[in-house]
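A look at the structure
Given next are the chains, with one letter for each unit.
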Amino acid sequence: QVQLVESGGGLVQAGGSLRLFCAASGRTFSSYAMGWFRQAPGEEREFVAAINWSGGSTGYADSVKGRFTISRDNAKNTVLLQMNSLKPEDTAVYYCAARVGSLSMNIYRYDNWGQGTQVTVSS
């Protein structure tokens, strides 16, 4: 098990940038593939980005490709989601998730979740 805490959300104008952080507890952080998901009001939770244990492989939803970048620092047990060129449709609660094994875009393959951080993009 790993405990996850997100931070860095907030209110930003369209076209702006935000950086989300996910801090993980536990000594085996480098064993986990990590993902970011988001959930807008009235919508299902959806995949945003994922990264494998080493940081050498990443995946993105088509809606964020070219605008968002996921990275990790295993020495600091952190995962970063850099979000640029934000759009109002990016407004959602963003969740960090972890799974033992390979990178996955499938929400059901993650069994460790943070509490989420709100991102609001105004038009």
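This text follows the structure it describes.
Quick look at the structure, then. (Residues numbered from 1 in each chain as written. Predicted model: local features only at pLDDT ≥ 70, side-chain atom pairs only at ≥ 80, totals over all residues. Heavy atoms only, no water.)

1. A few points about the sheet that holds strand β8 (residues 78–83)
Applicable threshold: At least two DSSP bridges between two strands are required for those strands to pair. Secondary structure elements are defined from DSSP: runs of H or I of at least 4 residues count as helices, runs of E of at least 2 residues count as strands, and each element is numbered from the N terminus. To define axes, lines are fitted to C-alpha atoms, for helices over the stretch in contact only, and angles between the resulting N-to-C directions are given on a 0 to 180 degree scale.
With respect to topology, four strands assemble into an open sheet ordered β1-β3-β8-β7, the strand pairing being antiparallel. In this open sheet, the two edge strands, each paired with only one partner strand, are β1 (4–7) and β7 (68–73). Each adjacent strand pair in this sheet contributes to an overall mean axis angle of 15°, direction not counted. Both strand β3 (residues 18–24) and β8 contribute to a ladder of six bridges, which runs antiparallel. If you follow F21 over to β8, its bridge partner there is L80.

2. A closer look at the environment of W113
Inclusion rule: For this analysis, residues touch if any pair of their heavy atoms sits within 4.5 Å.
Within the element layout of this structure, W113 appears in strand β10 (residues 112–113). Sequence-wise, W113 and V2 are 111 residues apart; in three dimensions their C-alpha atoms are separated by 8.6 Å. Beyond its immediate sequence surroundings of up to four residues, W113 is in contact with L4, F37, R45, Y95, C96, A97 and I107.

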